[in-house]
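Chains, contacts and geometry: an overview
So you can see what is in the structure, the chains are spelled out below.
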Amino acid sequence: QVQLQESGPGLVKPSQTLSLTCTVSGGSISSTGFYWNWIRQHPGKGLQWIGYVSFSGSTFYNPSLKSRVVMSVDTSKNQFSLKLSSVTAADTAVYYCARGIDSSGTSDYWGQGTLVTVSS
Amino acid sequence: DIQMTQSPSSLSASVGDRVSITCRASQSISNYLNWYQQKPGKAPKLLIRAASTLQSGVPSKFSGSGFGTDFTLTISSLQPEDFVTYYCQETFGTPYTFGQGTKVEIK
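Residues numbered from 1 in each chain as written. Chains lettered and ligands numbered in written order. Predicted model: local features only at pLDDT ≥ 70, side-chain atom pairs only at ≥ 80, totals over all residues. Heavy atoms only, no water.

**Looking at the pairing of strand E5 (residues 47-54) of chain A**
Residue and element names in this part refer to chain A. Among the 8 residues of E5, 7 are classified as buried, and the element is accordingly described as predominantly covered. Where strand E4 (residues 35-41) and E5 come together, 7 bridges link them in antiparallel fashion. Across the sheet, residue Trp38 finds its bridge partner in E5, namely Gly51. In sequence, E4 turns back onto E5 through a hairpin of 5 residues, with Gly44 there showing a positive phi of about 70°. In the sheet, E5 pairs with strand E6 (residues 59-61) via 3 bridges, with the strands oriented antiparallel. (Buried < 20%, exposed > 50% of the residue type's maximum accessible area, 1.4 Å probe, protein only. Helix = DSSP H or I, 4+ residues; strand = E, 2+ residues; numbered from the N terminus. Pairing = 2+ DSSP bridges.)

**Here we look at the state of the cysteines**
Across all of its chains, the model carries 2 disulfides over all chains by this definition. A disulfide bridge connects Cys22 of chain A with Cys97 of chain A, and the sulfur atoms are separated by 2.0 Å. Taking the torsion about the sulfur-sulfur bond, which here is approximately 60°, the covalent link between Cys22 of chain A and Cys97 of chain A counts as right-handed. You can see Cys22 of chain A sitting in strand E3 (residues 18-25) and its partner Cys97 of chain A sitting in strand E9 (residues 93-100), a full 75 residues away along the chain. Disulfide pairing places Cys23 of chain B opposite Cys88 of chain B at an S-S distance of 2.1 Å. Between Cys23 of chain B and Cys88 of chain B the disulfide shows an S-S torsion of about 60°. By sign, it is right-handed. Placement of Cys23 of chain B in strand E3 (residues 19-25) and of Cys88 of chain B in strand E9 (residues 85-90) is noted, with a sequence separation of 65 residues between them. For the pair Cys23 of chain B and Cys88 of chain B, one class covers both residues: buried. (Disulfide = S-S within 2.5 Å.)

**Observations concerning the packing of aromatic side chains**
With the rule as written, the count across this model stands at 12 aromatic pairs over all chains. Taking the centre distance of 5.6 Å and the plane angle of 45° together, the rings of Trp36 of chain A and Phe80 of chain A count as tilted. Taken as a pair, Trp36 of chain A in strand E4 and Phe80 of chain A in strand E8 (residues 79-84) lie far apart in primary sequence, 44 residues in all. Under the relative-accessibility criterion, Phe80 of chain A is labelled buried at 1%. Considering the side-chain rings of Trp110 of chain A and Tyr36 of chain B, the 5.7 Å spacing of their centres and the 80° angle between planes classify their relative orientation as edge-to-face. With Trp110 of chain A in strand E10 (residues 107-110) and Tyr36 of chain B in strand E4 (residues 33-38), this residue pair bridges two chains. Taken as a pair, Trp110 of chain A and Tyr36 of chain B share a single burial class, namely buried. Ring pairs connect the aromatic residues Tyr35, Trp49, Tyr52 and Phe60 of chain A together with Tyr96 of chain B, which therefore count as one cluster. (Phe/Tyr/Trp six-rings, centres within 6.5 Å; stacked < 30°, edge-to-face > 60°.)

**Looking at the sheet that holds strand E5 (residues 45-49) of chain B**
Residue and element names in this part refer to chain B. The strand order across the open sheet formed by 6 strands is E2-E10-E9-E4-E5-E6, and the pairing between neighbours is mixed. Each edge of the sheet is formed by a strand with only one pairing partner; in this case those strands are strand E2 (10-13) and strand E6 (53-54). Where E4 meets E9, 6 bridges bridge the pair, whose relative direction is antiparallel. When the bridges of E9 are listed, Gln38 appears paired with Thr85.

**Let's talk about the environment of Ser77 of chain B**
Residue and element names in this part refer to chain B. Tracing the backbone shows Ser77 in the loop between strand E8 (70-75) and E9. It is 6.6 Å that separates the C-alpha atoms of Ser77 and Lys61, two residues lying 16 residues apart in sequence. With residues up to four places along the chain from it excluded, the contact list for Ser77 reads Gly16, Asp17, Lys61 and Asp82. (Contact = heavy atoms within 4.5 Å.)

Here you go:
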């Protein structure tokens, strides 16, 4: 059973960079055909796909966030990560990592989510 | 960007009822449509992909239909654990937009 777990600071100051890591267990992040997604959910609101990184390191980002997002993968640690720069209060959300069954954003296994609050 | 509009935003039903939730895309997306279920405080769970393919392990009381711009999620017999929120997601093109959600409440 594949499991994902987000980790990182729960509080980030405005203008700084939000950094999160997702650790994958029960399966290899290098397995072909899978893409590793980040999705966020603003408090009490709907879901927003942030982007994905493949095991080879190729990435695709939501155009609305593209200028501030960097995703990477560390196959030796079975982890992938998200960096979101120049954050504002509007970036306060629960951030989920998830396994994509292909490059379409369809996610079958999700982490539990981690709340990141942007505040001084 | 493709806009996804779910209706209704909320609905009230009773245990055992059959309910349907609609998702409409702002342009044709073929069958590139997923449905997720989200319980309070939990991550979404994939129920249906490609408009009508039931994800492994998901009970057959959930079914999906539709093509083009109009899609439907049907729950055949509501059980207490089904009174939660449901989201559609287009996978036709980035940014893989989600609908705003439909909350199913107990009447």
